[in-house]
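What follows is the residue order along each chain.
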Amino acid sequence: MHEYDLVIIGGGLVGGSLACALSGCGLRIAVVEAVPASAEHQPSYDERVIALSWGSRRILEAIGVWPDISPEAEPIRQVHVSDRGHCGFTRLGPGDAGVEALGYVAPARVMGAAIRSALALSPDVELLCPARLSEYRVAADRVDIEVQHGDEHLRLTTPLLVAADGGDSAVRQRLDLETRDERYAQDAIITTVSPDRPRTGVAFERFTDTGPLALLPMTGGRYSVVWTCRGEETSALLALSDDAFLERLQARFGYRLGRFQQVSPRRAYPLKLVLTRNPVQPRVVLIGNAAHTLHPVAGQGFNLGLRDVAALAEVIAQSARAGADLGGPAALSDYRNWRGSDQPSTARLTDLLARVFVNPWTPLRLARNAAMLGLDLIPPARHRVAQRFMGVGGRLPRLACGVPLEKADARS
Ligand SMILES: Cc1cc2nc3c(=O)[nH]c(=O)nc-3n(C[C@H](O)[C@H](O)[C@H](O)COP(=O)(O)OP(=O)(O)OC[C@H]3O[C@@H](n4cnc5c(N)ncnc54)[C@H](O)[C@@H]3O)c2cc1C
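In this section: the overall build of the protein chain. When helices and strands are counted, the protein chain shows 12 helices and 22 strands. Every one of the 412 residues in the protein chain was classed for burial, and the buried ones make up 56%. In the protein chain, 73% of the contacts between residues at least 6 apart in sequence involve partners at least 24 apart. Per element, the accessible surface of the protein chain, about 17,200 Å² overall, is 52% carbon and sulfur.

So, in structure tokens, the structure goes:
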């Protein structure tokens, strides 16, 4: 039996970030990850490009991985939001928040490499990979876990199990929690294009009748495309030649960035909403996509997961310093209270945006255009929306203020 202070199932963007955050706090941590970071089919560190909020940058800085990400991170200084074929639009910027950018755009693979190299240097984190959770049982004072690690069958025990195993979380499914789990009738097609008139620092979110189309600025004048389309259109869009795809994209987006030239291979993601009602259970906490999987409109999924990481890491570090039970009710209720509103409210807001902007019903269309024009004309309202997406509102954990966790003496 291998004993740990904490076992994290899933070493993707969220689970890996939690392990980095707690590294150096004197805890013995195991991360159980099914797929090596370098594998083509790694589901977290893949070809997607992530829009990081300003708050997320601060967290990544505080956990020590930002220096390896920043050379590939392009700042977003303005977001241009518009409704295709209608008059409403608005522009969001960092305004008077006193920061250099609303956020950044970084490739998930680069983030994965930064997280994995930080973990490789951490003496208190053991990465079991490729390893898969087979079974777990929750007892009064611990969780017993069985893991298949290559040919070996390992038995682990810990006072706290954290599930960061993504949208199809095996941990969540075994707990049989009350969960909203709905498939959108949409897929997201992602690719990278090179326009001939890139606008440094400007991201675009264009709502269309089939779903939102986002163009996010990347280094080297490239743009990451997240094209939400109806499920029945997906295979045809993937099958188009590069030239025909660029032509379709140009017709959807227009010429604000000039003419699109090169395009990288396309990839489709089915979209769904998963929202677990109570992701904090005795000795088990679900974070990231395991607790809430969001539509990519407004780029909130990982940012929300990273806020889970910052709050949970703080609560665990505090309990460790106090010599308290890491999976005990006191520590976990503190985390539950802290995260109880941000998770459902961000999920609902994202769901609303995904549904309202594809609805062609005239009163709703007029209302959303008026709302966008109103936002453009009323700076305080626009500023509040920008702050929300920058991840700088509410009770901020230390890491979200850019302050590393207080370390405890190493446990015996
Ligand atoms: C097209 C698209 C664009 C997006 N854009 C943005 C954006 O701009 N901004 C943003 O904030 N978010 C964005 N997101 C959301 C973001 O990608 C997710 O929120 C993020 O990947 C969640 O990370 P996670 O670690 O919780 O889960 P995952 O990324 O799913 O990782 C889960 C990990 O657990 C491992 N695992 C699963 N089961 C087991 C098991 N049984 N045993 C061991 N290991 C296991 C997997 O191998 C994987 O490594 C986007 C999502 C999509 C689909």
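The next subject is the sheet that holds strand S1 (residues 2-3). Here four strands make up an open sheet; going across it, the order is S1-S12-S11-S10 and the pairing mixed. Either end of the sheet is taken by a strand with one partner, and the two such strands are S1 and strand S10 (131-138).

Once that is clear, we can look at the sheet that holds strand S2 (residues 6-9). Taken together, the six strands give an open sheet; going across it, the order is S9-S3-S2-S13-S21-S20, and neighbouring strands pair in mixed fashion. Every interior strand has two partners, whereas the edge strands, strand S9 (125-128) and strand S20 (280-281), have only one. In this fold helix H1 (residues 13-22) packs onto S2, strand S3 (29-32), S9 and strand S13 (161-163), with an angle of close to 155° to the strand it touches most, S2.

For the ligand, the set of nearby residues contains 33 residues, the closest of which are Glu33, Ser44, Arg48, Ala51 and Phe302. Measuring from an oxygen atom of the ligand, one finds a backbone N or O atom of Asn303 at 3.0 Å. For the ligand, the protein covers 91% of the area, taking 1,000 Å² as the surface of the free molecule. Elements that contribute at least two residues to the shell around the ligand include exactly H1, strand S4 (49-53), S10, strand S14 (179-195) and helix H8 (301-321). Its residues placed into classes, the shell around the ligand shows 18 nonpolar, 11 polar and four charged.

This part covers the environment of Cys25. Examined against the element boundaries, Cys25 turns out to sit in the loop between H1 and S3. On the basis of relative accessible area, Cys25 is assigned to the buried category, the value being 2%. Residues Cys25 and Ala313, 288 residues apart in the sequence, show an inter-C-alpha distance of 9.7 Å.

What follows covers the packing of aromatic side chains. Under the definition given, this model contains six aromatic pairs. Arranged with centres 5.2 Å apart and planes meeting at 70°, the rings of Trp66 and Tyr104 form a pair that is edge-to-face. Here the residue Trp66 occupies a position in helix H3 (residues 66-69), and Tyr104 occupies one in strand S8 (residues 103-107), the gap between them amounting to 38 residues. Accessibility expressed as a relative area gives 3% for Tyr104, which makes it buried. Ring centres 6.4 Å apart and planes at 45° place the aromatic pair Phe204 and Tyr223 in the tilted group. On the criterion of sequence distance, the pair formed by Phe204 in strand S15 (residues 202-208) and Tyr223 in strand S17 (residues 223-230) is long-range, its members being 19 residues apart. The two residues Phe204 and Tyr223 agree in class, both being buried. Among the aromatic residues, ring-to-ring pairing joins Phe204, Tyr223, Phe253 and Phe260 into one connected group.

Quick notes on the rules
Residues numbered from 1 in each chain as written. Predicted model: local features only at pLDDT ≥ 70, side-chain atom pairs only at ≥ 80, totals over all residues. Heavy atoms only, no water. Helix = DSSP H or I, 4+ residues; strand = E, 2+ residues; numbered from the N terminus. Buried < 20%, exposed > 50% of the residue type's maximum accessible area, 1.4 Å probe, protein only. Contact = heavy atoms within 4.5 Å. Areas by Shrake-Rupley, 256 points an atom, 1.4 Å probe, with all protein chains shown as cover. Pairing = 2+ DSSP bridges. Axes fitted to C-alpha atoms, helices over the stretch in contact; angles between N-to-C directions. Near = heavy atom within 4 Å. Polar contact = N/O pair within 3.5 Å; in protein donor to acceptor, adjacent residues only side chain to side chain. Nonpolar A, V, L, I, M, F, W, Y, C, P; charged D, E, K, R; others polar. Phe/Tyr/Trp six-rings, centres within 6.5 Å; stacked < 30°, edge-to-face > 60°.

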